[in-house]
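# Survey of secondary and tertiary structure
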Amino acid sequence: MLDRYKQFLIEFDKVLSEYYSSQKDYICCKKGCTECCEIGDYPFSRLEAEYIMQGYTKLSVNLQKQVKQNIKNLINAKQTSSYRCPFLINSECSLYDYRGIVCRTFGFAYVDDGIIKLPECVNSGLNYSRVYDKNKKEVLLTNPIRDNLRIDSILRSPLAEKYELECGEIRPLIKWFL
């Protein structure tokens, strides 16, 4: 299953690259920007959790210890919603190549049930802030991504079906460690 998921990700990343090309005028993401990793819910399917753990086993012992400590700290603080991603180490994703779908789609504006969903960083003057009127709470974007980028939609998409993915339950990342 993980091999099929890897193939799915290769194709999905190509789709995301096309989205980025069409949206690049509105996106400020760059290496070192971790706002989306600093506080969130990070929904992951069982399949993604298994994949990320595969990446975890390839980390250096030192990075594994840091991640393990981050997870322990979150569990001890009873933080199961809105928390800092435990894989964020020194302002970088320690598992970037193994990151989940939610991580791959952070930063994009997309249409969900007829409403344009904006990334949270719009409120910090980052992605899509040039086309968002905070006072009117209005998006002045003429070309949003029409595909729904919610994890559940992506995991039920024709692309996921093509790879016959069995993704399992979706829950916040930290709950996979409880």
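Below: a short report on this structure. Worth saying up front: this structure is predicted, and the values here are computed from it rather than measured.

### Quick word on the packing of aromatic side chains
- Summed over the entire model, instances satisfying the criterion amount to ten aromatic pairs.
- When the centroid spacing of 5.1 Å and the interplanar angle of 80° are considered together, the rings of Tyr5 and Tyr51 count as edge-to-face. A residue pair is termed long-range when its members are at least 10 positions apart, and Tyr5 in helix H1 (residues 2–23) and Tyr51 in helix H3 (residues 46–56) qualify at 46 residues.
- Relative to Tyr83, the ring of Tyr42 lies with its centre 5.3 Å away and its plane at 70°, an arrangement referred to as edge-to-face. Residue Tyr42 is located in the loop between helix H2 (35–38) and strand E1 (43–45), and its partner Tyr83 is located in the loop between helix H4 (61–76) and strand E2 (88–89); the two are separated by 41 residues in the primary sequence.
- By relative accessible area, which is 3% here, Tyr42 ends up buried.
- Each residue in the set Tyr5, Phe8, Phe12, Tyr51, Tyr98 and Tyr163 is aromatic and connected to the rest through ring pairs, giving one cluster.
- The side chain of Arg99 reaches across the aromatic face of Tyr96, ending 3.8 Å from its centre.
- The ring of Trp176 has Arg171 sitting right over it, with the charged end atom 3.8 Å from the ring centre.

### Thoughts on the pattern of salt bridges
- Here the structure, examined in full by the defined rule, presents eight salt bridges.
- Across the salt bridge formed by Arg150 and Asp112, the nearest N and O atoms sit 2.7 Å from each other. With Arg150 in the loop between strand E7 (138–139) and helix H6 (151–155) and Asp112 in strand E4 (residues 110–112), this residue pair connects regions lying 38 residues apart in the sequence.
- For Asp112, a relative accessible area of 7% translates into the label buried.
- Where Arg171 meets Glu169, a salt bridge forms, and the shortest distance between an N and an O atom there is 3.2 Å.
- Judged by its relative accessible area of 23%, Arg171 falls in the partly exposed class.

### Some thoughts on the side chain of Thr34
- Mapped onto the secondary structure, Thr34 falls in the loop between H1 and H2.
- On the accessibility criterion, Thr34 (12% relative accessible area) is buried.
- Within the structure, the side chain of Thr34 is placed 2.9 Å from the side chain of Glu38, a separation counted as a polar contact.

### As for the side chain of Asn148
- Relative to the helices and strands, Asn148 is located in the loop between E7 and H6.
- There is a polar contact of 2.8 Å between the side chain of Asn148 and the side chain of Asp112.
- One polar contact links the side chain of Asn148 to the main-chain amide nitrogen of Arg150, over a distance of 2.8 Å.
- When neighbours within four sequence positions are excluded, Asn148 is seen to be in contact with Tyr110, Val111, Asp112, Ser153 and Ile154.

### Some details on the layout of surface pockets
- In this model, the largest pocket occupies a volume close to 840 Å³.
- Along the wall of the largest pocket there are 32 residues; nearest its centre are Cys29, Cys33, Tyr96, Arg99 and Cys103.
- Elements supplying a minimum of two residues to the lining of the largest pocket: H1, H2, strand E3 (92–93) and helix H5 (101–105).
- The dominant element in the lining of the largest pocket, judged by the number of residues it contributes, is H1, at four residues.
- When grouped by side-chain class, the residues that make up the lining of the largest pocket number 19 nonpolar, seven polar and six charged.
- What the second largest pocket holds in volume is close to 630 Å³.
- Surrounding the second largest pocket, 22 residues form its lining, Val102, Phe106, Leu118, Pro119 and Glu120 being those nearest its centre.
- At the level of elements, H2, H5 and H6 are the ones that each hand at least two residues to the lining of the second largest pocket.
- In the lining of the second largest pocket, the residues fall into 13 nonpolar, three polar and six charged.

Reading the values: the criteria
- Residues numbered from 1 in each chain as written.
- Predicted model: local features only at pLDDT ≥ 70, side-chain atom pairs only at ≥ 80, totals over all residues.
- Heavy atoms only, no water.
- Phe/Tyr/Trp six-rings, centres within 6.5 Å; stacked < 30°, edge-to-face > 60°.
- Helix = DSSP H or I, 4+ residues; strand = E, 2+ residues; numbered from the N terminus.
- Buried < 20%, exposed > 50% of the residue type's maximum accessible area, 1.4 Å probe, protein only.
- Lys NZ or Arg CZ within 6 Å of the ring centre and 35° of its normal.
- Salt bridge = Lys/Arg side-chain N within 4 Å of Asp/Glu carboxyl O.
- Polar contact = N/O pair within 3.5 Å; in protein donor to acceptor, adjacent residues only side chain to side chain.
- Contact = heavy atoms within 4.5 Å.
- 1 Å grid on protein atoms, 1.4 Å probe; cavity = no way out; pocket = protein on both sides within 12 Å on 5 of 7 lines; lining within 4 Å.
- Points joined across faces, edges and corners; volume = space filled by probe spheres on them.
- Nonpolar A, V, L, I, M, F, W, Y, C, P; charged D, E, K, R; others polar.

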